[in-house]
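Here is what each chain is made of, one letter per residue.
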Amino acid sequence: MNNKAIISVKNINKSYDAGINKLHVLKGIEFSVRQGEMVSIMGASGSGKSTLLNILGILDNYDSGEYHLNEVLMQNLSEKKAAYYRNQFIGFVFQSFNLISFKNAMENVALPLYYQKVGRRQRNKLALEYLDRMGLKDWANHMPNELSGGQKQRIAIARAMISKPKVILADEPTGALDSKTSQEVMDIFDDINNQGVTLIIVTHEHDIAMRTRRIVRLRDGVIEQDYIPQN
Amino acid sequence: MFDRDRWQEIFTALKKNKLRTVLTAFGVFWGIFVLVVMLGSGKGLENGTRNGMGGFATNSMFMWTQRTTLPYKGFKKGRRYNFNNTDTKALKDNVPEIDLLAPRLQGWSGNTNNNVVRGLKTGAFSIYGDLPDYNRIDPVTILQGRYLNEEDVAEKRKVAVIGVRVKDVLFTPKENPIGQYIRINGVYFQVIGLYKSQHNGGWAEEQEQSVEIPLNTLQQTYNYGDAVGWYSITSKTGISVSEVEDKAKVVLRQRHSISPDDKEAIGSNNVEKQFKKMDGLFTGIRALVWIVGIGSLLAGAIGVSNIMLFIVKERTKEIGIQRAIGAPPWKIVSQILMESIVLTTLAGYCGLICGVGLVELINLFLTKQAANNPNPERAMFLNPSVDFGVALTALLILVVCGAIAGLIPAQRAVSIKPIDALRYE
């Protein structure tokens, strides 16, 4: 494991306009994630963890500070640039899976490669490989509404992996799953991490966080704790 | 261009709510349908009217005598006068711009007593004295025999060319009129030709119940001296007939001691001007058709725009996901534009085909009707058609309309921040 910082956040501030008042959500966040780490971000609702994840995922902008992703400064990006970096560096896994309903499992997994202009035959071949890794090869031609929650999330993970991103951002990936399926999904994340993929998981479930290698605890927009969980 | 994922997305979006898609498409369908049918009908009306003019030379004009309205050279106003054979020569000599000059004289009009007799059959017809050139200015279709020629005039032959209506009255249907004799006001003439008018309506009827004989035969036989009723004149190529009209009038005024300022003494009718007026009319009709057609097309396009806004709203989250995964904005915009264009073009294409189909059907019907009718009334509506250029223009307009209709919704789709789009339920 090398020490290159994939994610480096310096003094990030973010506030929302809420009528007359300004809602200061992130108050000078500082932290970095090195390649190969598996970090969970915890905190109560309103602590700013989702906002932080959105900024890390270049889905949202920030007011001040600096955010380097793969040593590139992510600031005032055009939507075109942002889309490019998201596609190249980041894989997303969402709580509600967010699969495209009219595409089958294989096509969903292949979608990021579509935006990289990879040929259809090539990307479907790759998608099948990733589905195979998730144990879902037989479900390749099924539509999302024919699959269980766990299956959908595994497809979403395959989709996040296929573009070989620098980091996978997971926003409550087990939030919509029962505990057994949750553990299966975490097993997959373990596997992925062991292959050297950097993972950042936002969760409010303690046992999920305990399965990561590092926990960052947010409270009212500041980092309260940053520690290694002891099993 | 062919991108399976893109087309999959387009048809998924359109199939999702079929009724809505069909209703929206109908707006565009109707717009282009109306445009095409109206353009076709306008063309039909134009063809019919132009056909009604017959083979009338567009560079022709007519002049006849009226009463003078100004006193001049000792003559009081209100004087009558006649053109005569020396005027014909003077016009030929003094107005070199004249191409054809056909003096005409009407012996009797068709609405008096029966003036033409053959055996026991009689009829009242208009009798005209003509020169061969007249048939090059206002041509008739010769069905049998021939028109008057120079020999007829030179020898002052007593020959007659008759309209089909004359033949119907004086001959039985199976009789061949050519070579037969008819008696016009007591004098026998040999029939040498049978003709049909190229005009329509009353004009054709009038022309077809006429008898044409050589001008000088008419003048001498019936004691008209050297009188000429009126002139039909065409100008040489490249010269405006209005110019000829002015020059000819100067010559005639001088010869008949008419004041140069007397506008009323010589009556005239300039076909060139009439054609120009008609051109203006049809240009106006065409403009109106385009304005109304484009208007209804626009209404259809606005409907498409509206529905695309809806589709974009429905798919906000999906678009958010695509953007999170790395879809560049242009991909989203072009996707929405393509959907809009596909919907508009498909619907419009159907409208185009149905419109052209209807126009062709009307055409077929008219042709069939004309074929079944042995003695057709020449219609005011003929060969309605949509030419290829117009269809192509309409299609182009559709694509542009589709693109414009998709523009606002596409803009809407990328203006939402991806994070808001993702949260949208």
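Per-chain numbering applies: the sequence of each chain, read as written, is numbered from 1 onward. Each chain gets a letter, beginning with A, and each ligand a number, beginning with 1, in the order they are written. Local features in this predicted model are restricted to residues of pLDDT 70 or higher, and side-chain atom pairs are both shown and tallied only at a pLDDT of 80 or more, whereas totals for entire chains, interfaces and linings draw on every residue. Heavy atoms from the whole structure form the basis of all side-chain values; hydrogens and water molecules are not counted.

### Examining the overall build of chain B
Here's step 1: Counting its secondary structure elements, chain B contains 14 helices and 14 strands.
Here's step 2: Note on classification: 1.4 Å probe, protein chains only; a residue is buried when its accessible area is under 20% of the maximum for its type, exposed when over 50%, partly exposed between these limits. Scored against the burial criterion, the 425 residues of chain B give a buried share of 50%.
Here's step 3: Partitioning the contacts of chain B with sequence separation of at least 6, the portion at a separation of at least 24 is 79%.
Here's step 4: Using the Shrake-Rupley algorithm and a 1.4 Å probe, accessible areas are obtained, with residue cover drawn only from the displayed protein chains. For chain B, the accessible area works out to roughly 20800 Å², and carbon and sulfur atoms hold 59% of it. Working definition: helices are DSSP H or I runs of at least four residues, strands are E runs of at least two. Numbering for both runs from the N terminus. In what follows, a contact means two residues having at least one pair of non-hydrogen atoms within 4.5 Å.

### So, a nonpolar patch on the surface
Here's step 1: A surface patch of nonpolar side chains, amounting to about 350 Å² of accessible area, comprises B:Leu358, B:Leu361, B:Ile362 and B:Leu364.
Here's step 2: Structurally, B:Ile362 can be placed in helix α12 (residues 329–372). In this scheme, patches are assembled from residues that exceed 30% relative accessible area and form no salt bridge. Like charges are connected within 9 Å, while nonpolar side chains (Val, Leu, Ile, Met, Phe, Trp, Tyr) are connected within 5 Å. By definition, a salt bridge exists where a carboxyl oxygen of Asp or Glu is found within 4 Å of a side-chain nitrogen of Lys or Arg.

### Observations concerning the sheet that holds strand β10 (residues 222–227) of chain A
Residue and element names in this part refer to chain A.
Here's step 1: By definition, two strands form a pair when at least two bridges between them are found by DSSP. Taken together, the 6 strands give an open sheet; going across it, the order is β6-β7-β8-β3-β9-β10, and neighbouring strands pair in mixed fashion. Where the open sheet ends on each side, the last strands, each with one partner, are β6 (90–93) and β10. Within this sheet the neighbouring strands show an average axis-to-axis angle of 20°, counted without direction.
Here's step 2: Across 4 bridges, strand β3 (residues 38–42) lies against strand β9 (residues 214–219) in parallel orientation. Residue Val 39 lies in a different strand from β9, and its bridge partner there is Arg 214.
Here's step 3: Each of β6 and β7 (167–171) is contacted by helix α5 (residues 149–161), which is oriented at about 170° to β6, the strand it contacts most. Inter-axis angles, ranging from 0 to 180 degrees, are taken between N-to-C directions of lines fitted to C-alpha atoms, where helices are fitted over the stretch in contact.

### Some thoughts on the sheet that holds strand β4 (residues 64–69) of chain A
Residues and elements named next belong to chain A.
Here's step 1: Sheet architecture is open: 4 strands sit in the order β2-β1-β4-β5, paired in antiparallel fashion. A strand with exactly one partner marks an edge of an open sheet, and here the two such strands are β2 (21–34) and β5 (72–73).
Here's step 2: Judged from the 5 bridges that link them, strand β1 (residues 5–18) and β4 form a sheet pairing that is antiparallel. Across the sheet, the residue bridging to Lys 10 is Glu 66, located in β4.
Here's step 3: Its contacts with the sheet place helix α1 (residues 49–56) against β1, β2 and β4, and it is angled at close to 60° to β2.

### Observations regarding the interface of chain B and chain A
Here's step 1: Counting from both sides, the interface comprises 24 residues of chain B and, opposite them, 25 residues of chain A.
Here's step 2: Taking both partners together, chain B and chain A bury about 2400 Å²; carbon and sulfur atoms supply 56% of that area.
Here's step 3: Where chain B meets chain A, there are 2 salt bridges.
Here's step 4: Whenever two N or O atoms come within 3.5 Å, that pair is a polar contact, provided that in protein one can donate a hydrogen and the other can accept it, and provided that, for residues adjacent in sequence, both atoms are side-chain atoms. Counting across the interface, chain B meets chain A through 7 residue pairs in polar contact (both at pLDDT 80 or more).
Here's step 5: Within the residue set of the side of chain B that touches chain A, elements represented by two or more residues are α1 (4–16), α11 (316–325), α12 and α14 (418–423) of chain B.
Here's step 6: Looking at the side of chain B that touches chain A, the element that brings in the most residues is α11(B), giving 7 residues. Simply put, the buried area is the total loss of 1.4 Å probe accessible area from both parts when two parts are fitted together.

### Remarks on the confidence of the model for chain B
Residues and elements named next belong to chain B.
Here's step 1: Here chain B shows a mean pLDDT of 86. Residues at 70 or above account for 96%.
Here's step 2: What pLDDT conveys is the predictor's confidence in a given residue, as a value from 0 to 100. At the level of individual helices and strands, chain B shows its lowest average pLDDT in α1, which scores 80, and its highest in strand β8 (residues 159–163), which scores 94.
Here's step 3: Scoring of the predicted complex yields 0.69 for pTM and 0.88 for ipTM.

### Some remarks on the nonpolar core
Here's step 1: We call a set of buried residues a nonpolar core when its members are Ala, Val, Leu, Ile, Met, Phe, Trp, Tyr or Cys and they connect through side-chain atoms within 4.5 Å of each other. Grouped together as the largest cluster of nonpolar side chains are 83 residues, with contacts concentrated most on A:Ile7, A:Phe31, A:Ile41, A:Leu56, A:Tyr67, A:Leu69 and A:Ile200.
Here's step 2: With near-sequence residues (within four places) excluded, A:Ile200 lies in contact with A:Ile7, A:Val33, A:Val39, A:Ile41, A:Leu53, A:Leu56, A:Val167, A:Ile168, A:Leu169 and A:Ala170.

### Considering the packing of α5(A) against helix α6 (residues 179–194) of chain A
All names here are of chain A.
Here's step 1: It is at 10 Å that the axes of α5 and α6 come closest, and there the two elements cross at 20°. Relative to α6, α5 is oriented roughly parallel. Both α5 and α6 take part in a crossing whose hand is right-handed. On α6, the residues touching Gly 150, Gln 153, Arg 154, Ile 157 and Met 161 of α5 are Thr 181, Val 185, Ile 188, Phe 189 and Ile 192.
Here's step 2: The class makeup of the residues in the contact of α5 with α6 is 6 nonpolar, 3 polar and 1 charged. By definition in this entry, angles of less than 35 degrees are roughly parallel, angles greater than 145 are roughly antiparallel, angles of 65 to 115 are roughly perpendicular, and the rest are oblique. Two helices cross in a left-handed way if the nearer one is turned anticlockwise from the farther one by less than a right angle. They cross in a right-handed way if the turn is clockwise. Throughout this entry, Asp, Glu, Lys and Arg are counted as charged residues, while Ala, Val, Leu, Ile, Met, Phe, Trp, Tyr, Cys and Pro are counted as nonpolar. The remaining residues, Gly among them, count as polar.

### As for the side chain of A:Arg123
Here's step 1: Along the chain, the position of A:Arg123 falls in helix α4 (residues 120–133).
Here's step 2: According to the relative accessible area criterion, A:Arg123 is buried, its value standing at 5%.
Here's step 3: Other than its neighbours up to four places away in sequence, A:Arg123 contacts A:Ala110, A:Leu113, A:Tyr114, A:Val118, A:Ile162 and B:Asp5.

### Some points on the environment of A:Lys137
Residues and elements named next belong to chain A.
Here's step 1: Mapped onto the fold, Lys 137 is located in the loop between α4 and α5.
Here's step 2: Residue Lys 137 is classed as partly exposed on the basis of its relative accessible area of 44%.
Here's step 3: C-alpha of Lys 137 to C-alpha of Met 106: the two residues are 31 residues apart in sequence and 8.7 Å apart in space.
Here's step 4: Apart from residues lying up to four places away in sequence, Lys 137 is in contact with Leu 128, Leu 131 and Asp 132.

### Comments concerning α11(B)
All names here are of chain B.
Here's step 1: Within α11, 10 of the 10 residues are buried, which leaves it mostly tucked inside the rest of the structure.
Here's step 2: All buried positions along α11 are accounted for by Thr 316, Lys 317, Glu 318, Ile 319, Gly 320, Ile 321, Gln 322, Arg 323, Ala 324 and Ile 325.
Here's step 3: Positive phi appears at Gly 326, one or two residues downstream of α11, with a value of about 120°.

### A short note on the packing of aromatic side chains
Here's step 1: Paired rings are identified among Phe, Tyr and Trp, the last through its six-membered ring, by centres lying within 6.5 Å, and are further divided according to the angle between planes into stacked (under 30 degrees), edge-to-face (over 60) and tilted (the rest). Scanning all chains against the criterion turns up 13 aromatic pairs over all chains.
Here's step 2: Residues A:Tyr85 and A:Phe89 carry aromatic rings whose centres are separated by 5.5 Å and whose planes lie at 20° to one another, so their mutual orientation is stacked. Highlighted residues: A:Tyr85 and A:Phe89, both in helix α2 (residues 79–89), separated by 4 residues, approximately one helical turn. Pair check on accessibility: A:Tyr85 and A:Phe89 agree, each one buried.
Here's step 3: Linked through ring pairs, B:Phe26, B:Phe29, B:Trp30 and B:Phe33 together constitute an aromatic cluster.
Here's step 4: Here B:Arg104 stacks its cationic end above the ring of B:Tyr128, 4.1 Å away from the centre of that ring.
Here's step 5: Across the ring face of A:Tyr114, the terminal group of B:Lys331 is positioned such that the distance to the ring centre comes to 4.4 Å. In this scheme, Lys NZ or Arg CZ marks a charge over a ring once it lies within 6 Å of the ring centre and within 35 degrees of the ring normal.

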